[in-house]
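A structural walkthrough
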Amino acid sequence: MTKSALQIARAAYQPKLPKALKGSVKAVEGAATQSVADQEAIQKLFPNTYGMPLIKFEEGEAIQLPAMNVGVILSGGQAPGGHNVISGLFDGIKTLNKDNKLYGFILGPGGLVDHNYMELTADIIDEYRNTGGFDIIGSGRTKLETPEQFEKGLEIINKLGIKALVIIGGDDSNTNACVLAEYYAAKNAGVQVIGCPKTIDGDLKNDMIETSFGFDTACKVYSEVIGNIQRDCNSARKYWHFIKLMGRSASHIALECALQVQPNVCIISEEVEAKDMSLDDVVTYIAKIVADRAAQGNNFGTVLIPEGLVEFIPAMKRLIAELNDFLAANAVEFANIKRSRQREYIISKLSKENADIYASLPEGVARQLSLDRDPHGNVQVSLIETEKLLSEMVGTKLAQWKEEGKYVGKFAAQHHFFGYEGRCAAPSNYDADYCYSLGYTASMLIANGKTGYMSSVRNTTAPAAEWIAGGVPITMMMNMERRHGEMKPVIQKALVKLDGKPFLTFAAKRDQWALTTDYVYPGPIQYFGPTEVCDQPTKTLQLEQAK
Ligand code: FBP
């Protein structure tokens, strides 16, 4: 592999660990836990892994453990820092016993089922320390959910003498990790399952999980390029830039970027839903800002749009919910309908209100909603071109206002979608340290015989030495939700809280940012240099953790 100068310099970086993990470690058990909601139903589904206590690691006496083998899986979308979770896990198990071995399953959970694996030796691990990407073993979106898959997994686990499996994934993957932990516990298989909170989307967080890894780096990459666009835009003064940002349903990424770059407009899906806004309301809101800036002679600006927006417009949400249930119940019949007739077929099957909305959508958006689902049944929001949909509709509205004499100005739009370019960036110092600590913590949870836990590292706005490492029972984060037409236990997704400090800080400033050109240019991630340039966590985390 030919390495860049940065890669070579970065390989020497030693990620920081919480003080408690630096020597021998003991697990201190806290209070018993319960799920965030639907306690009775969750307890019934997870009789062996429900109600376990929180775990906190403290400095302790050295323990002697026999050698063990551990397996690791990268699941779902890439997020910066995955390689550091694996290197932290590797270093952790090697500290416990130098004969311990780590096996990586190739291309995600499918590797476990298909018995596709490799041993991760010190040489391999060293090649990937502090690098972005998941290419060390690859990732995939196979959903681990059936007893047949669990049994196939158990065959290879037993063959390789694996004592514990670490699943690095988002909310859906960790939900499946918990189901797997329960399954192996119920049959006394002697296999522990530990989860690690991954996703650039930032929506896997709660009181015990401060943030999912990758959010920090991805937001910094997007903010850098949005900042560059803003400077271009303020130089030429002729374009409105409509920028869609990845992040699935939640608007955490859009909100964090807005806090970093101070754009003219940022739409927050959760607010659109709370205010029961229609698509036309969103378009009118943007068009009004374009018109107000034009009245001051400023025919340029930036609009940030979260990729999940359409799912949050209440009328669209009702349409998606009916589509979900209908497609889950009629999958076979639908698969036999010719592609050219699918739109018409769906319109004929939906209720009147939803059929009318579906029929009014541009072809591409309609197809996205009904056809292209991921293996978890989610609408693939990153494929919907919301930025074009909105700019076209804003253009039409402005043309109408021009005729009515309400708008004088020129409107020319540019479109961007930032997502994939941020998911494999070299992890920021924050993510490099956080991920390494998460992986190391996972090894300590394994050493202490835990299963059904997620690795947790908290207090991360303080210096790394003061971070608090431990484990959270995954069942604690669960509630019952409707999926594919059935009620299922799932980890509750964290959406933007409209009464939370990050949103309130943005809301207090946005009217000013809309009219003045008060852009901030964060520049690229810095890995070396003064702490205030290199080590700052996201603004979201700083505001959430501010006392
Ligand atoms: P995860 O929940 O798997 O971490 O997804 C991250 C993500 O980047 C989302 O923001 C995006 O909607 C999706 O993956 C895109 O999926 P794909 O990589 O399959 O195109």
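Under the annotation held in an unreviewed UniProt entry, the protein chain carries the name Pyrophosphate--fructose 6-phosphate 1-phosphotransferase and is attributed to Bacteroides fragilis. Database annotation for the protein chain, UniProt heading Sequence similarities (unreviewed entry): "Belongs to the phosphofructokinase type A (PFKA) family. PPi-dependent PFK group II subfamily. Clade 'Long' sub-subfamily." One UniProt comment on the protein chain, placed under Subcellular location (unreviewed entry), says "Cytoplasm".

With that out of the way, let us pick up the overall build of the protein chain. From N to C terminus, the protein chain includes 23 helices and 15 strands. Here the C-alpha atoms of the protein chain give a radius of gyration of 24 Å, agreeing with the 24 Å that 2.2 N^0.38 yields for 547 residues. Summarising its shape, the C-alpha atoms of the protein chain cover approximately 80 × 60 × 45 Å along the three principal directions. Every one of the 547 residues in the protein chain was classed for burial, and the buried ones make up 50%. Counting only contacts in the protein chain whose residues sit at least 6 apart along the sequence, the fraction spanning at least 24 positions is 79%.

Let us now look at the nonpolar core. Ranked by size, the top nonpolar core spans 148 residues in total, and within it L89 and V166 carry the most contacts. For this core, the element with the most residues is helix α20 (residues 429-447), which contributes 12 residues. When sequence neighbours within four positions are dropped, the list of residues in contact with L89 reads V70, V72, L102, V166, G439, Y440, A442 and S443.

If you check the domain split of the protein chain, you get domain 1 (3-212 + 426-482), domain 2 (218-307 + 383-422 + 516-546) and domain 3 (308-380). Summarising the inter-unit geometry, the C-alpha centres of domain 2 and domain 3 are found 28 Å apart. Contacts between the two partners involve 21 residues from domain 2, matched on the other side by 14 residues from domain 3. Put simply, the parts of the chain that give the side of domain 2 that touches domain 3 at least two residues each are α10 (269-274), β10 (301-306) and α18 (386-403). The dominant element in the side of domain 2 that touches domain 3, judged by the number of residues it contributes, is α10, at 4 residues. A breakdown of the residues in the side of domain 2 that touches domain 3 according to their chemical character gives 10 nonpolar, 5 polar and 6 charged.

Before going further, it helps to examine unusual backbone geometry. A positive phi angle is found at D276, which is not glycine, with a value near 55°. The exposure class assigned to D276 is exposed, which follows from the 10 C-beta atoms found within 10 Å.

For the rest of this paragraph, the subject is the sheet that holds strand β6 (residues 162-169). The strand order across the open sheet built from 9 strands is β1-β2-β13-β12-β7-β6-β3-β4-β5, with neighbouring strands paired in mixed fashion. Every interior strand has two partners, whereas the edge strands, β1 (25-32) and β5 (117-119), have only one. Averaged over all pairs of adjacent strands, the angle between strand axes in this sheet comes to 25°, irrespective of strand direction. Pairing analysis gives 6 bridges linking β6 to strand β7 (residues 192-197), with the strands arranged parallel. Looking at β7, one finds that L165 is bridged to V193.

On to the UniProt feature "binding site: Mg(2+)" (unreviewed entry) in the protein chain. UniProt records the feature "binding site: Mg(2+)" (unreviewed entry) at D171, using the numbering of this structure. As for its position among the elements, D171 is in helix α7 (residues 171-186). When sequence neighbours within four positions are dropped, the list of residues in contact with D171 reads D203, L204, V490, I491 and K493.

Let us now look at α20. Compared with an ideal rise of 1.5 Å per residue, which puts 19 residues at 27 Å, α20 spans 27 Å between its outermost C-alpha atoms and is within 8% of the ideal. The element α20 is extensively covered by neighbouring structure, given that 19 of its 19 residues are classed as buried. Where α20 ends, the next residue or the one after it, G449, has phi of about 75°, a positive value.

For the rest of this paragraph, the subject is the sheet that holds strand β8 (residues 240-245). Pairing is parallel across the open sheet formed by 4 strands, whose spatial order is β9-β10-β8-β11. Taken across any chain shown, the strands that pair with only one partner, and hence form the sheet edges, are β9 (265-266) and β11 (413-418). Bridge count for β8 against β11 is 6 bridges, and the pairing is parallel. Bridge pairing in β11 places K244 opposite F417. Set on the sheet, helix α9 (residues 252-261) makes contact with β8, β9 and β10; between it and β10 the angle comes to about 155°. Across the sheet, helix α11 (residues 279-295) lies against β8, β9 and β10, angled at about 170° from β10, the strand it touches most.

Residues at a pLDDT of 70 or more form 99% of the protein chain, whose mean pLDDT is 94. Reported confidence for the predicted complex is 0.98 by ipTM and 0.93 by pTM.

Taken together, the 6 bridges between strand β14 (residues 478-483) and strand β15 (residues 486-491) define a ladder with antiparallel strand orientation. Paired with R483 across the bridge in β15 is E486. The hairpin formed by β14 and β15 contains 2 residues between the paired strands, and H484 there has a positive phi angle of roughly 50°.

Tracing the backbone through its elements, the reader meets R248 in the loop between β8 and α9. What makes R248 buried here is the crowd of 26 C-beta atoms within 10 Å. Residues R248 and Y407, 159 residues apart in the sequence, show an inter-C-alpha distance of 34 Å.

With that settled, the discussion passes to the UniProt feature "site: Important for catalytic activity" (unreviewed entry) in the protein chain. Under the UniProt annotation, the feature "site: Important for catalytic activity" (unreviewed entry) is placed at K198. Among the secondary structure elements, K198 is positioned in the loop between β7 and α8 (215-236). Here K198 falls in the buried class, since 32 other C-beta atoms lie within 10 Å of it. With residues up to four places along the chain from it excluded, the contact list for K198 reads A79, G82, I168, G169, G170, S212, F213 and G214.

Cut-offs applied
- Residues numbered from 1 in each chain as written.
- Predicted model: local features only at pLDDT ≥ 70, side-chain atom pairs only at ≥ 80, totals over all residues.
- UniProt positions renumbered as here; feature names shortened; annotations may be inferred.
- Helix = DSSP H or I, 4+ residues; strand = E, 2+ residues; numbered from the N terminus.
- Rg over C-alpha atoms; globule rule 2.2 N^0.38 Å.
- Buried ≥ 20, exposed ≤ 12 C-beta atoms within 10 Å, placed from the backbone.
- Contact = placed C-beta atoms within 7 Å.
- Core = buried A, V, L, I, M, F, W, Y, C linked by C-beta atoms within 7 Å.
- Domains from an automatic or database assignment.
- Nonpolar A, V, L, I, M, F, W, Y, C, P; charged D, E, K, R; others polar.
- Pairing = 2+ DSSP bridges.
- Axes fitted to C-alpha atoms, helices over the stretch in contact; angles between N-to-C directions.
- Expected span 1.5 Å × (residues − 1).
- pLDDT = per-residue confidence, 0-100.

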